[in-house]
Amino acid sequence: MAYTSKQRVIAKGTGDIYIADPVVGGKISDAEWENIMVSLKGSFTISQEEGDTTTVEIDQSDLPVLSETQPGNLTISWNAPNTSKAMWELLYNTVASMESIYTGSAGEEVIGVRMNTKEIKKMLKVKMRVGGSTYVFPNLQWSRLFMKDSDDDPTYFTITCTVLAAVDTSQPDFIVINQMDGSAD
């Protein structure tokens, strides 16, 4: 395989984080992406586990005769300090009406939160701040935790998304978009 591009793409820093509803029968690029996610500085990570390798060995050889490797989980994780009503409604089941339970004072937003599991069906797109790379993850399993670590940290959600395989095996599991002309730096 010959490589034709001589430009290296080095992406760093978390730029914009977008979510969108899954696209059925259309292009992911045509989705209505919302830029409502933010991350605490230094908390955004993309990581992949090593995966599992299974070998078949025989007595007549010191080397395996077969080796199969399954890829490890690919996860995206970040701490989101935005605890507005919109974020609670996105990440948790909420109580529709709080008037009969709690009356807030003027200027207060009262949100009733239910801790039962909520399945989140959203795609994720992350544009890196430097380097012009964008990553699109169309099929994710979302998990979240509500946290407060110390007096110096805000309350936040720790969001972890595990990349799932595309249902249609002819489609990619995720998409990488590199700006090759250097205009995104």
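The structure displayed is predicted, hence computed values, not measured ones.

Asks: Could you clarify how one ought to interpret the layout of surface pockets in this entry?
Replies: A water-sized probe rolled over the atoms picks out the places where empty space is left. Taken as a whole, the largest pocket spans an internal volume of roughly 430 Å³. Val23, Ile28, Pro138, Asn139 and Ala166 are, among the 19 residues lining the largest pocket, the residues nearest its centre. For the lining of the largest pocket, the per-class residue count stands at 12 nonpolar, 4 polar and 3 charged.

Asks: When you look at the environment of Glu99 in this model, what are you seeing that I'm missing?
Replies: With respect to the element layout, Glu99 can be found in the loop between strand S7 (93-95) and strand S8 (112-114). We classify Glu99 as exposed; its relative accessible area is 63%. Along the backbone, Glu99 and Val110 are 11 residues apart, and their C-alpha atoms lie at a distance of 9.1 Å.

Asks: In this structure, what is going on with the pattern of salt bridges? I would like to understand it.
Replies: Between side chains of opposite charge, a pair can form as their charged atoms come close. Applying the stated rule across the entire model yields 3 salt bridges. Between Lys121 and Glu119 there is a salt bridge, with its nearest N and O atoms 3.3 Å apart. On the basis of relative accessible area, Lys121 is assigned to the partly exposed category, the value being 49%. On the basis of relative accessibility, which here comes to 62%, the residue Glu119 falls in the exposed class.

Asks: Just checking my understanding: could you explain the packing of aromatic side chains for this structure?
Replies: Two descriptors summarise a pair of aromatic rings, namely the distance from one centre to the other and the angle between the planes of the rings. Throughout the structure, instances matching the rule amount to 8 aromatic pairs. With centroids separated by 6.0 Å and ring planes inclined at 40°, the aromatic side chains of Tyr92 and Phe157 adopt a geometry described as tilted. Within this pair, whereas Tyr92 is found in the loop between helix H1 (85-91) and S7, its partner Phe157 is found in strand S12 (residues 156-163), the two being separated by 65 residues in sequence. Ring pairing ties together the aromatic residues Trp88, Tyr92, Phe146 and Phe157, which thus form one cluster.

Asks: Whenever I open this one, the nonpolar core confuses me. Can you help?
Replies: Membership of the largest hydrophobic core comes to 25 residues, with the highest contact counts inside it found for Met37, Ile76, Trp78, Leu124, Trp142 and Ile159. Elements that contribute at least two residues to this core include exactly strand S1 (12-20), strand S6 (74-80), H1, strand S9 (123-130), strand S10 (133-137), strand S11 (140-147) and S12. In this structure Trp142 touches Ile19, Met37, Trp78, Ile120, Lys122, Met123, Leu124, Ile159, Thr160 and Cys161, once residues within four positions along its chain are discounted. Residues Tyr18, Ala31, Met123 and Val136 belong to the second largest nonpolar core, which totals 6 residues.

Asks: Could you clarify how one ought to interpret the environment of Ile159 in this entry?
Replies: Topologically, Ile159 is positioned in strand S12. Between the C-alpha atom of Ile159 and that of Trp142, which follows or precedes it by 17 residues, the distance is 7.2 Å. Every residue in contact with Ile159, bar those within four places of it in the chain, is listed here: Met37, Ile76, Ser77, Trp78, Ala80, Leu91, Trp142, Ser143 and Arg144.

Asks: Can you walk me through the sheet that holds S10 in this structure?
Replies: Hydrogen bonds between backbone groups are what pair the strands of a sheet, and the pairing can be parallel or antiparallel. Read from one edge of the open sheet, 5 strands run S2-S1-S9-S10-S13, paired in antiparallel fashion. Looking along the sheet, the strands with just one partner apiece sit at the ends: strand S2 (34-37) and strand S13 (175-178). The sheet shows a mean angle of 30° between the axes of neighbouring strands, taken without regard to direction. With 4 bridges connecting them, S10 and S13 associate as antiparallel partners. Bridging from a neighbouring strand, Val136 pairs with Ile175 of S13.

Asks: Just checking my understanding: could you explain the pairing of S6 for this structure?
Replies: Among the 7 residues of S6, 7 are classified as buried, and the element is accordingly described as predominantly covered. Here S6 shows no split at all, with Leu74, Ile76, Trp78 and Ala80 on one side and Thr75, Ser77 and Asn79 on the other all buried. Across 4 bridges, strand S3 (residues 45-48) lies against S6 in antiparallel orientation. Each bridged residue has a counterpart across the sheet, and for Gln48 the counterpart in S6 is Leu74. Bridge count between S6 and S12: 6 bridges; the pairing is antiparallel. For Ala80, the partnering residue across the bridge sits in S12 and is Phe157.

Parameters and conventions
Residues numbered from 1 in each chain as written. Predicted model: local features only at pLDDT ≥ 70, side-chain atom pairs only at ≥ 80, totals over all residues. Heavy atoms only, no water. 1 Å grid on protein atoms, 1.4 Å probe; cavity = no way out; pocket = protein on both sides within 12 Å on 5 of 7 lines; lining within 4 Å. Points joined across faces, edges and corners; volume = space filled by probe spheres on them. Nonpolar A, V, L, I, M, F, W, Y, C, P; charged D, E, K, R; others polar. Helix = DSSP H or I, 4+ residues; strand = E, 2+ residues; numbered from the N terminus. Buried < 20%, exposed > 50% of the residue type's maximum accessible area, 1.4 Å probe, protein only. Salt bridge = Lys/Arg side-chain N within 4 Å of Asp/Glu carboxyl O. Phe/Tyr/Trp six-rings, centres within 6.5 Å; stacked < 30°, edge-to-face > 60°. Core = buried A, V, L, I, M, F, W, Y, C linked by side-chain atoms within 4.5 Å. Contact = heavy atoms within 4.5 Å. Pairing = 2+ DSSP bridges. Axes fitted to C-alpha atoms, helices over the stretch in contact; angles between N-to-C directions.

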